[in-house]
Amino acid sequence: RSGKMAKLTQLINSEVFQAYATYATIVLLKMMLMSLITAYFRITRKAFVNPEDTASFGKGDSAKKYLKTDPDVERVRRGHLNDLENIVPFVGIGLLYALSGPELSTALLHFRIFAGARILHTFAYLIPLPQPSRGLSWAVGYAVTFSMAYNVLKMVLFL
Amino acid sequence: RSGKMAKLTQLINSEVFQAYATYATIVLLKMMLMSLITAYFRITRKAFVNPEDTASFGKGDSAKKYLKTDPDVERVRRGHLNDLENIVPFVGIGLLYALSGPELSTALLHFRIFAGARILHTFAYLIPLPQPSRGLSWAVGYAVTFSMAYNVLKMVLFL
Amino acid sequence: RSGKMAKLTQLINSEVFQAYATYATIVLLKMMLMSLITAYFRITRKAFVNPEDTASFGKGDSAKKYLKTDPDVERVRRGHLNDLENIVPFVGIGLLYALSGPELSTALLHFRIFAGARILHTFAYLIPLPQPSRGLSWAVGYAVTFSMAYNVLKMVLFL
């Protein structure tokens, strides 16, 4: 049993893998934060989508008026979906990239730029900042993921 | 070749990793089930979104009336999106957590509570159960993922 | 340090894992492509959702008319969400399947059929092709992921 455990933890002892684990966890936590921001705006804007969520406001029309869309809620939800569309590829391709044996400094550069770009993207979306802030921060994260994908395919291509 | 295979299967021989593989597969299958439930409601409620999906009902206005939204379909779709938002972080952070060498009993506790909470969440969303059923089951799954993320960062933080 | 690196790269030296890495990267890149197609249709159809994105068209009503939904944009977005719903389970369950020590030929069969089905699904959705093209290509990818999940659970079930 302890022999198996030793094997298992060898992976996590690699510095590149530790860096990947750190940044993948950070961007996934950032994505999870969007749920809390959505809940905050739904409650403060009194804008719900499920009838059972408005039951505490009474019955009938008095509760029904809280079943509405709100621009701030919809904005956070768009940011959340954009996170899913971009953080999922980073987490998946980034794992394979970390396992493909890159230089630590190169790997850190990829992970740090991606995390920074996605945090900027969230601020640009939620404040909102004038364009091209959101577009550029999206494009930087996209380019980082593409660069990792290129390195993975260069290393392991097996069709 | 068989030497490589042996190395490869060492990972899957760890009990913690086996538990992770089991529960990650279960929650991903549960998420996939939402596609079938959506299809079921689209067909029984005759509520489609793509014109090519209604071609079998005839042409013109006779088919067009089936291009509509239906409250049951939309409810399943919201549940599916909520799964994506919560099961993706569990699968990603849970993998890193399983590799960080936790106690088997602690790891099983995390995985079992998460899977149970997400199954409850699905019932709470689809029946629907009165609040706070859905809210609480969501929060429990969220807290489990957060706890795994805290343990990963405590073990590997490498910024 | 180099000893750790050697351990780390043993995983990526397995042919099954190389095949997984190749096909997971390909389908994640295909999913990322949907973002570019959405951007292309938003710009050519002048159909935006965020007010800050229309600022270059002037102020007030002259810009506001570009805040609209467009059928082509919505179609690409549905295809993108369908990718998330199906490619996420493939990437997660496929990783566990690759680690569970399948025959290389069986694994390649799974990965190739899934990738082919999802590429067909994208063409069927975007052109669009008449049904059941989209439905069948979706079902084939779904069945492949289900088959991998069955093999993972058969190998590692640890509840």
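Note that this is a predicted model, so its numbers are computed, not measured.

The interface is formed by 40 residues belonging to chain B together with 40 residues belonging to chain C. Between chain B and chain C, the buried area comes to about 3,300 Å², and carbon and sulfur atoms account for 71% of it. Counting every contact that joins chain B to chain C gives ten residue pairs in polar contact (both at pLDDT 80 or more). Mapped onto the side of chain B that touches chain C, the elements with two or more residues apiece are helix H1 (2-13), helix H2 (15-44), helix H4 (71-99) and helix H5 (104-126) of chain B.

Look at the link from Ile-127 of chain B to Pro-128 of chain B: it is a cis peptide, with omega at -20°. Tracing the backbone through its elements, the reader meets Pro-128 of chain B in the loop between H5 and helix H6 (133-156). The peptide bond linking Gln-131 of chain B to Pro-132 of chain B adopts the cis configuration, its omega dihedral lying at 10°. Even without glycine at this site, Lys-46 of chain A takes up a positive phi of about 45°. Its relative accessible area of 33% is what places Lys-46 of chain A among the partly exposed residues.

Moving on, we come to the environment of Arg-77 of chain B. One can find Arg-77 of chain B in helix H4. Along the sequence, Arg-77 of chain B and Ile-37 of chain B sit 40 residues apart, while their C-alpha atoms lie 9.1 Å from each other. If we ignore the near neighbours within four places in the chain, the residues touching Arg-77 of chain B are Thr-38 and Arg-42 of chain B together with Leu-81 of chain C.

Residue and element names in this part refer to chain B. As enumerated under the stated definition, the model contains 30 aromatic pairs over all chains in all. Seen in terms of ring centroids, Phe-90 and Phe-114 are 3.9 Å apart; in terms of plane orientation they differ by 5°. Their pairing is stacked. In this pair, Phe-90 is assigned in helix H4 and Phe-114 in helix H5, connecting sequence segments 24 residues apart. An identical accessibility class is assigned to Phe-90 and Phe-114; each is buried.

Another point: the packing of helix H4 (residues 71-99) of chain A against helix H2 (residues 15-44) of chain C. In contact at an axis separation of 10 Å, H4 of chain A and H2 of chain C are set at 155° when each is read in the N-to-C sense. For the element pair H4 of chain A / H2 of chain C, the angle class is roughly antiparallel. For the element pair H4 of chain A and H2 of chain C, the recorded crossing hand is left-handed. Packed against H4 of chain A, whose contacting residues are Glu-85, Val-88, Pro-89, Gly-92, Ile-93, Leu-96 and Leu-99 of chain A, the element H2 of chain C presents Phe-17, Tyr-20, Ala-21, Ala-24, Thr-25, Leu-28, Met-31, Met-32 and Ser-35 of chain C at the interface.

Of the transformation placing chain A onto chain C, the axial shift is 0.0 Å and the rotation is 120°, giving an RMSD of 0.0 Å. Such values leave the two copies arranged in the relation of a three-fold axis.

Right, let's get into empty space enclosed by the protein. With the rule as written, the count across this model stands at three cavities of 30 Å³ or more. Its volume calculated, the largest cavity comes out at about 310 Å³. Lining the largest cavity are 22 residues, with Val-91 of chain A, Val-91 and Gly-92 of chain B together with Val-91 and Gly-92 of chain C sitting closest to its centre. Of all the elements in the fold, those that place two or more residues in the lining of the largest cavity are helix H2 (15-44) and H4 of chain A, H2 and H4 of chain B together with H2 and helix H4 (71-99) of chain C. Ranked by residues supplied to the lining of the largest cavity, first place goes to H4 of chain B with six residues.

The rules we used
- Residues numbered from 1 in each chain as written.
- Chains lettered and ligands numbered in written order.
- Predicted model: local features only at pLDDT ≥ 70, side-chain atom pairs only at ≥ 80, totals over all residues.
- Heavy atoms only, no water.
- Contact = heavy atoms within 4.5 Å.
- Buried area = accessible area lost by both parts, 1.4 Å probe.
- Polar contact = N/O pair within 3.5 Å; in protein donor to acceptor, adjacent residues only side chain to side chain.
- Helix = DSSP H or I, 4+ residues; strand = E, 2+ residues; numbered from the N terminus.
- Buried < 20%, exposed > 50% of the residue type's maximum accessible area, 1.4 Å probe, protein only.
- Phe/Tyr/Trp six-rings, centres within 6.5 Å; stacked < 30°, edge-to-face > 60°.
- Axes fitted to C-alpha atoms, helices over the stretch in contact; angles between N-to-C directions.
- Parallel < 35°, antiparallel > 145°, perpendicular 65-115°, else oblique.
- Left-handed = near helix turned anticlockwise from the far one by under 90°.
- Least-squares fit on C-alpha atoms with pLDDT ≥ 70 in both.
- 1 Å grid on protein atoms, 1.4 Å probe; cavity = no way out; pocket = protein on both sides within 12 Å on 5 of 7 lines; lining within 4 Å.
- Points joined across faces, edges and corners; volume = space filled by probe spheres on them.

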